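Below are the chains, spelled out letter by letter.
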Amino acid sequence: MDLIAQGYGTSSDSEDASSHKPAKVAKITSTSLQVNGAPDVSLEDPSYARHIYTNPTDTTLAVNLNYDSMLQPVQGPINPFASKSQEVRRNVWTGHVEENMFSENDFRTQQQSYAAFGFAKDPSVLSVADNGQSGSGKKGTGFVGDIGKAKEMDGATIWDKVPKHLRNNQNQKKRQTRGDPSVLEGENAYRGPWATFEGDGIGELSGPTEEERDVHDKQREAAEVEKLARNKATPAKAIANGSETTIFHGKEEHDYMGRTYMHVPLDLDVNLNAEPGTQTCFVPKKLLHTYTGHTKGVSAIRYFPKSAHLLLSGSMDSKIKIWDVYHDRRVLRTYMGHSKAVRDVNFNNNGTEFLSASYDRNIKLWDTETGQCKATFSKKTIPFVVKFNPDDDKQNVFLAGCSDHKVYQFDVRSGDVTQEYDQHLGAVNTITFVDDNRRFVTTSDDKSLRVWEFDIPVIIKYIAEPDMHSMPAVAISPNHKWLACQSMDNKIYIYNAKDRVSQNRKKLFAGHMAAGYACQPSFSPDGRYLSSGDSEGNMWIWDYKSCKVHKKFKAHDEVVIDSAWHPHETSLLATASWDSNIKLWV
């Protein structure tokens, strides 16, 4: 077919019509036009284009959807590897919970009917039963549970009258007859309103049967045999008084001038005779030395008074060792006199003597230089803490907190108990002298803190709150104004140590896990930092002013039970752990 296209003239009227040239003819062949008998036609419903598709698991929508869009079926490819439980549209962890309007009365009725008969009506409104009611139930019956019984009872509830043969009280006990009022004894005796149910055994002799008695006798005999076998275990052999021993591990006890390790070294770049706390302290950054010598966990460490050139340690291997902090950094002497684990050690003011408390129920007084045991004190109870009176004129007096809820005051010269403080209701864990040593503070397993006047067994302050936990470790600040108490709720609380002992609510140190362990806190010499170990072997250091964690580092493999800052170094920190090691950090 040939199509002739006519051209258009110009819009100018001044041009002559004769000047127009004929337009070119566009010739289109028949092959340029094709007829498609089956064009592509969309089979989708045009209304789908107006829907907004959402994820079935979405719980929040950013737009308002119409009703039709929200009720569209789930579309898209099916996961061939999904299990049946994954195909369920869950809105809770265990499946899909459907929210419906259900009155409280109807709910209780169906709940009790299900408990009594084993079936109840399906409360769903998204499905329809065969009879046209909401809730399809099992197989379109409209009930869930025992469908057969539901059909037999015609869907009755607890409020409907049920035939006698369908009731659940068929196996109930029958009540005895009231009896004949004219008969006082015998089978048909008068019981009246006191008639019991058959089989209750009222009036019959009660007690275990012969079989039960035989079983009980066998269990008792087995328990006695086990107790005898347990008692045959050989206990730790007690060390008799006067048989204590000591071992000196150095080459010579005296140097060329006749001085022992008690002499304060003067060949160091640190003045060990200076006043503690005069220098600014910093957080330790690296491990300096590891002391290995104890075979079991270390329970307590104490620096030598004033100079701190020696370190004393008590261990669960029943031994006490003294270590050199400078020079060779080796063990100098071992003190052996306890038969069980050592719980606490404490120097006197000049360091010539120290006390050791052990689980063998003994407190021993040792000579630091010679290793001689000067005296042994015992009240037949376990001492948990021992403390010399810090006053120079009372160095013959020390206090011991014991497991019998008492604090005993001993006189070293006579060996007698001169005073008892017995107001606690649990084992005494700590003793701390405050207020220029006129008073002392004790903490106990009874979750209380008590303040005592020295040598007067009367409480002058008692602190116990319902939310308080036991505080088995207490440290006093270098200025003797504050007490840091390690609590069993993984927190360190601060108490005022001056005239009025009270909690400082603005100071609280947390973050570590120390519950169940008496991890001893420690202040830096300048009071800027507070440190404590935890049950996972970590060392925590807080800034005391801001109460924020300044540093945390892995110190030991097991619980860090004690830590102590060197009074003359800027960043020397000693840590003791139940992994039997003592470490110096600088």
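The structure displayed is predicted, hence computed values, not measured ones.

Here's the deal with the overall build of the protein
Within the protein, the secondary structure is distributed over five helices and 31 strands. Put simply, the protein has 586 residues, and 40% of those count as buried. In the protein, of all internal contacts separated by at least 6 residues, the share reaching a separation of at least 24 is 45%. For the protein, the accessible area works out to roughly 36,500 Å², and carbon and sulfur atoms hold 51% of it.

Some thoughts on the environment of Tyr 261
Of note, Tyr 261 is situated in the loop between strand E3 (245–248) and strand E4 (287–292). A relative accessible area of 12% means that Tyr 261 is categorised as buried. Along the backbone, Tyr 261 and Leu 332 are 71 residues apart, and their C-alpha atoms lie at a distance of 8.0 Å.

Section: the sheet that holds strand E21 (residues 473–476)
Taken in spatial order, the four strands line up as E21-E22-E23-E24 in an open sheet, and their pairing is antiparallel. The sheet is open, and its two borders are formed by E21 and strand E24 (503–510), each paired with just one other strand. Averaged over all pairs of adjacent strands, the angle between strand axes in this sheet comes to 25°, irrespective of strand direction.

Some points on the packing of aromatic side chains
Inspection of every chain in the model, using the stated rule, returns 27 aromatic pairs. A centroid spacing of 5.0 Å and a plane angle of 80° characterise the contact between Tyr 335 and Phe 354, whose relative ring orientation is edge-to-face. Of the two residues, Tyr 335 is situated in strand E8 (residues 331–336) and Phe 354 in strand E10 (residues 353–358); the sequence distance between them amounts to 19 residues. For the ring pair Phe 509 and Trp 542, a centre distance of 6.0 Å and an interplane angle of 65° mean the geometry is edge-to-face.

A closer look at the UniProt feature "repeat: WD" (unreviewed entry) in the protein
Here, the residues flagged by UniProt with the feature "repeat: WD" (unreviewed entry) are residues 291–333, 335–376, 421–455, 522–546 and 553–586. In residues 522–546, helix accounts for 0% and strand for 52%; the two terminal C-alpha atoms are 17 Å from one another. In the segment residues 553–586, helix accounts for 0% and strand for 53%; the C-alpha atoms at its two ends are 13 Å apart.

Some points on the pattern of salt bridges
The full count for this structure, using the stated rule, is 18 salt bridges. Between Asp 393 and Lys 394 there is a salt bridge; the shortest N-O distance is 3.9 Å. Judged by relative accessible area, Lys 394 falls into the partly exposed class, the value being 27%. Put simply, Arg 439 and Asp 435 hold a salt bridge, and the shortest N to O gap is 3.5 Å. The class of Asp 435 is buried, set by a relative accessible area of 7%. Taken together, the salt bridges that share partners define one network made up of Asp 435, Arg 438, Arg 439 and Glu 453.

A short note on the sheet that holds strand E28 (residues 549–554)
The strand order E25-E26-E27-E28 describes an open sheet built from four strands, whose pairing is antiparallel. Two strands bound the open sheet, and with one partner strand each, they are strand E25 (522–523) and E28. Bridge count between strand E26 (residues 529–533) and strand E27 (residues 538–543): five bridges; the pairing is antiparallel. Paired with Leu 530 across the bridge in E27 is Trp 542.

Parameters at a glance
- Residues numbered from 1 in each chain as written.
- Predicted model: local features only at pLDDT ≥ 70, side-chain atom pairs only at ≥ 80, totals over all residues.
- Heavy atoms only, no water.
- Helix = DSSP H or I, 4+ residues; strand = E, 2+ residues; numbered from the N terminus.
- Buried < 20%, exposed > 50% of the residue type's maximum accessible area, 1.4 Å probe, protein only.
- Contact = heavy atoms within 4.5 Å.
- Areas by Shrake-Rupley, 256 points an atom, 1.4 Å probe, with all protein chains shown as cover.
- Pairing = 2+ DSSP bridges.
- Axes fitted to C-alpha atoms, helices over the stretch in contact; angles between N-to-C directions.
- Phe/Tyr/Trp six-rings, centres within 6.5 Å; stacked < 30°, edge-to-face > 60°.
- UniProt positions renumbered as here; feature names shortened; annotations may be inferred.
- Salt bridge = Lys/Arg side-chain N within 4 Å of Asp/Glu carboxyl O.

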